[in-house]
Amino acid sequence: MTDEDENEDGAEAGAPPGAARRASAWMILAIVAAALLVCCCSAAVGLLISWSAGLFHTPT
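Draft legend 1. Fine view of the overall build of the protein. Check the secondary structure of the protein and you find two helices and zero strands. Going through the 60 residues of the protein one by one, you find that 3% of them count as buried. Surface summary for the protein: the accessible area is close to 5300 Å², and the carbon and sulfur share equals 69%.

Draft legend 2. Expanded view of a nonpolar patch on the surface. On the surface, Leu47, Leu48, Trp51 and Phe56 cluster together into a nonpolar patch covering about 480 Å² of accessible area. Relative to the helices and strands, tryptophan 51 is located in helix H2 (residues 19-52).

Draft legend 3. Structural view of the state of the cysteines. Tallied over the full model, the rule gives zero disulfides. Just so you know, cysteine 39 is unpaired, no disulfide at all, and the nearest cysteine sulfur is the one on cysteine 40, 5.5 Å from it. Judged by relative accessible area, cysteine 40 falls into the exposed class, the value being 52%.

What counts and how
Residues numbered from 1 in each chain as written. Predicted model: local features only at pLDDT ≥ 70, side-chain atom pairs only at ≥ 80, totals over all residues. Heavy atoms only, no water. Helix = DSSP H or I, 4+ residues; strand = E, 2+ residues; numbered from the N terminus. Buried < 20%, exposed > 50% of the residue type's maximum accessible area, 1.4 Å probe, protein only. Areas by Shrake-Rupley, 256 points an atom, 1.4 Å probe, with all protein chains shown as cover. Patch = residues over 30% accessible without salt bridge, like charges linked within 9 Å, V, L, I, M, F, W, Y side chains within 5 Å. Salt bridge = Lys/Arg side-chain N within 4 Å of Asp/Glu carboxyl O. Disulfide = S-S within 2.5 Å.

Now the structure itself:
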């Protein structure tokens, strides 16, 4: 068996154990951050459209 065969978590040879796991955790955090950004931006755009349509103005 070589070092690559013994490495079960997918990290490159010579990398510390768990390196692949940390990379995937960063990827998950990046996806969550991007989803929150998209959600917040779409909410802000919706509020802006609602305000410009007069939905937040007091009825006269």
